[in-house]
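A structural walkthrough
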Amino acid sequence: MAERVAPRKPSTEDRWTYERYLRETAEGEYFTIIEGEKIVSPSPTSFHQEILGNLHSFLRAWAKQTGIGKVRLAPFDVVLAEDEVVQPDLVLVLAEHFGRLTEKNIQGSPDLVVEIISPGSIRLDREKKRALYARHGVPEFWIVSPAERTVEVLRLHGSDYATAALFEETDTLESPLLPGFSCAVKDVFTE
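Below is a summary of the structure that appears in this document. (Residues numbered from 1 in each chain as written. Predicted model: local features only at pLDDT ≥ 70, side-chain atom pairs only at ≥ 80, totals over all residues. Heavy atoms only, no water.)

Now for the environment of H97. Within the fold, H97 resides in the loop between β6 (90-94) and β7 (105-107). The class for H97 is partly exposed, based on a relative accessible area of 21%. Sequence spacing of H97 and G108 is eleven residues, and the spatial spacing of their C-alpha atoms is 9.4 Å. (Helix = DSSP H or I, 4+ residues; strand = E, 2+ residues; numbered from the N terminus. Buried < 20%, exposed > 50% of the residue type's maximum accessible area, 1.4 Å probe, protein only.)

Here it is in structure tokens:
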């Protein structure tokens, strides 16, 4: 049986922290930091941006109408730990956690994280970020797949996520985390 090799941890000089990110990153440069490792992703596609705009509109309208939460869209820093910083496509912070929301970032876990996957981000979003969000106690995580035109709603159970629902184009997207929120999945993918 082959011996499993642990992933390489960044050396001290390679290690990224939020402080280093703020100090050394140029305006308009964004990347993810997980366990001190800098992870750069390519810019999103036009379709990705359409989906993001649609979801933001639906969630923001619901949040404004209900007053239950506030929505932020990428790029907006979510500082989960000193060496773990992400800019999810969308985040929602419920009213009881507004203290985590600052002018420049979210300090701690949002209540909902939405990631729109692309061919180059499947492993990052479905594995690394899933583990990261679970580790930091994000209650709900949506994975939006433009290729499949689906929205997978994952709910935190213990230390990992379980699929609560998989919504397809003919379905209506809803979540118990967001009372009164619903939208047609087909409208999420409208260009």
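Don't stop here, the text continues.
Right, let's get into the packing of aromatic side chains. Summed over all chains, the structure comprises six aromatic pairs. Judged by centre distance (5.8 Å) and plane angle (20°), the ring pair of Y18 and Y21 falls under stacked. You can see Y18 and its partner Y21 sitting in helix α1 (residues 18-24), three residues apart, about one turn around the helix. Counting every residue linked through ring pairs, the aromatic cluster contains W62, W142 and F181. The ring centre of W16 lies 3.9 Å from the NZ or CZ of R20, which sits over that ring. For K70, the ring lying beneath its charged end belongs to F98, and the centroid distance is 4.9 Å. (Phe/Tyr/Trp six-rings, centres within 6.5 Å; stacked < 30°, edge-to-face > 60°. Lys NZ or Arg CZ within 6 Å of the ring centre and 35° of its normal.)

The subject of this paragraph is the sheet that holds strand β11 (residues 160-167). Read across the open sheet, the six strands follow the order β3-β6-β8-β9-β10-β11; overall the sheet is mixed. Strand pairing shows two members of the sheet lacking a second neighbour, β3 (69-73) and β11, which therefore form its edges. Taken pair by pair, the neighbouring strands of this sheet meet at an average axis angle of 20°, ignoring direction. Sheet topology note: the strand β10 (residues 150-157)/β11 ladder contains seven bridges and is antiparallel. By the bridge assignment, L156 is partnered in β11 with Y161. (Pairing = 2+ DSSP bridges. Axes fitted to C-alpha atoms, helices over the stretch in contact; angles between N-to-C directions.)

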